[in-house]
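# Inside the fold
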Amino acid sequence: MYDIIIVGAGPAGLTAALYARRAGHTVLILEGGVPGGQAATTPNVENWPGTPAIGGADFAMNLYQQVQDLGAEVTFAAVTGLRDEGAVKTVLAGEQAFQGRAVILANGVRRRKLDVPGEERLAGSGVSYCATCDGMLYRGKKVCVVGFTSDTKEEAELLRTMGCEVEMFTSRTAKYAVLGQERVTALSVNGEEHPCEAVFILRPAAAPDTLLAGLAMDGVHVAVDKATMKTSVAGVFAAGDCTGKPYQIAKAVGDGNIAALSAAQYIEERSREKKA
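The text that follows walks through the structure, step by step, so that each part is easy to find. These figures come from a predicted structure and were not determined experimentally.

Spatially, 4 strands are ordered β8-β14-β9-β10 in an open sheet, and the strand pairing comes out parallel. Strand pairing shows two members of the sheet lacking a second neighbour, β8 (127-128) and β10 (165-169), which therefore form its edges. In terms of strand pairing, strand β9 (residues 142-147) meets strand β14 (residues 198-202) through 5 bridges, oriented parallel. Of the residues in β14, the one forming a bridge with G147 is L202. Contacts from helix α4 (residues 151-161) reach β9, β10 and β14 within the one sheet, and its direction differs from that of β10 by about 165 degrees.

As structure tokens, then:
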């Protein structure tokens, strides 16, 4: 049995693992994709304090290596369920079941895609789902924004304040295609090409897959006490994008820190109760 099981190896989950290991707890990280989460697909991270621009993949792997060096275990398997059995939490991943005294959910959010030609192939090479994250990469350049909600105009304006030349599209019925070979060169809208260097697809996040019965949600995000990152289920904590905006590395790291400290405190309190 592990002290803490962490679902997700993005910045929130890896930071939680770092602090949990430094506190002397055994840690298992479960990840169904690649280390780093969304950060790993970002061309450059330019807003991490004290660090010059660094490739997203390099940033992610540095953090991943740091956590491995501290002794955290990592299993690459998609989590399919979580059972709350009081003092023990059972996490189902692949064909295995893992048990822990506490769980930290750091599984991010599912970005809704347009599912149009070129989108998947050019993701991270000009196709972005986060204006705040990637806008500065296209300062002084032409970008296209596609979105269908009231937030689209606000996000487009944010890109303009960053110095991007923005062309916005809000039609739900238009036929879109992202064009380019190695990188985005244009957005096709009903067959008409609009040259650009990036396409920002700005759609609301989708609710994460239900992993745990009784877990309270706040819209599409896991509801937490921001001071402790506690969820509605005792011994289960959450951190990072799955708890709400802004979807930023700095927020995710802070959340992961708090969640790890809170999980450690929870384990210590349960241990004292057993001895009493």
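Next comes the rest of the write-up.
On to unusual backbone geometry. The bulk of non-glycine residues show a negative phi, and the bulk of peptide bonds are trans. Here the bond from K245 into P246 is cis, since omega is 0 degrees, no more than 30 degrees from zero. Along the chain, the position of P246 falls in the loop between β18 (236-238) and α5 (249-275). Not every positive phi belongs to a glycine, and D115 is a case in point at roughly 55 degrees. Here D115 is to be found in the loop between β7 (110-111) and β8. D115 gets classed as exposed once you look at its relative accessible area, which sits at 67%.

This paragraph deals with the packing of aromatic side chains. Within the structure shown, the criterion is met by 5 aromatic pairs. Between F148 and Y176, the ring centres sit 6.5 Å apart and the planes meet at 40 degrees, which makes this aromatic pair tilted. With a gap of 28 residues between them, F148 in the loop between β9 and α4 and Y176 in strand β11 (residues 176-179) connect regions that are remote in the sequence.

Along the chain, G36 turns up in the loop between β2 (27-31) and α2 (56-69). Distance from G36 to G56, taken between C-alpha atoms, is 8.1 Å for residues 20 residues apart in sequence. Apart from residues lying up to four places away in sequence, G36 is in contact with A9, G10, P11, L14 and A60.

For α2, built from 14 residues, the straight-helix expectation of 20 Å at 1.5 Å per residue is met to within 8% by its first-to-last C-alpha distance of 20 Å. Within the span of α2, buried status applies to G56, F59, A60, L63, Y64 and V67. End-on view of α2: buried residues confined to an arc of 130 degrees, all on one side of the axis. Of the surrounding elements, those touching the buried residues of α2 are α1 (11-22), β2, β3 (73-76) and α5. Positive backbone phi, at 100 degrees, marks G71, one or two positions downstream of α2.

This part is about the sheet that holds β11. The strands making up a sheet associate through backbone hydrogen bonding, with each pair oriented either parallel or antiparallel. One open sheet accounts for 3 strands, arranged β11-β12-β13; its pairing is antiparallel. Across the chains shown, the open sheet's two edge strands, defined by having one partner strand only, are β11 and β13 (192-195). Pairs of neighbouring strands in the sheet enclose a mean axial angle of 25 degrees, with direction left out of account.

Further remarks concern the nonpolar core. The biggest cluster of nonpolar side chains holds 49 residues, and the ones touching the most others in it are I29, I104 and L105. Residues contacting I29, with those up to four places away along its chain left out, are I6, G8, A9, L14, A17, V67, A72, E73, V74 and T75. Within the second largest apolar cluster, 18 residues are counted, among which are L114, V116, C144 and F148.

The subject of this paragraph is the side chain of D3. Within the element layout of this structure, D3 appears in strand β1 (residues 2-7). Taking the relative accessible area as the measure of exposure, D3 reaches 13% and is therefore buried. Side chain to side chain, D3 and H25 meet in a polar contact 3.3 Å long. Of the polar contacts made by the side chain of D3, one reaches the side chain of R101; its length is 2.9 Å.

Turning to the side chain of K251, a few remarks are in order. With respect to the secondary-structure elements, K251 resides in helix α5. Accessibility expressed as a relative area gives 17% for K251, which makes it buried. In this structure the side chain of K251 is engaged in a polar contact, spanning 2.7 Å, whose partner is the side chain of D255. When neighbours within four sequence positions are excluded, K251 is seen to be in contact with G240, T243, G244, K245 and P246.

Calculation criteria
- Residues numbered from 1 in each chain as written.
- Predicted model: local features only at pLDDT ≥ 70, side-chain atom pairs only at ≥ 80, totals over all residues.
- Heavy atoms only, no water.
- Pairing = 2+ DSSP bridges.
- Helix = DSSP H or I, 4+ residues; strand = E, 2+ residues; numbered from the N terminus.
- Contact = heavy atoms within 4.5 Å.
- Axes fitted to C-alpha atoms, helices over the stretch in contact; angles between N-to-C directions.
- Buried < 20%, exposed > 50% of the residue type's maximum accessible area, 1.4 Å probe, protein only.
- Phe/Tyr/Trp six-rings, centres within 6.5 Å; stacked < 30°, edge-to-face > 60°.
- Expected span 1.5 Å × (residues − 1).
- Arc of directions from axis to C-beta.
- Core = buried A, V, L, I, M, F, W, Y, C linked by side-chain atoms within 4.5 Å.
- Polar contact = N/O pair within 3.5 Å; in protein donor to acceptor, adjacent residues only side chain to side chain.

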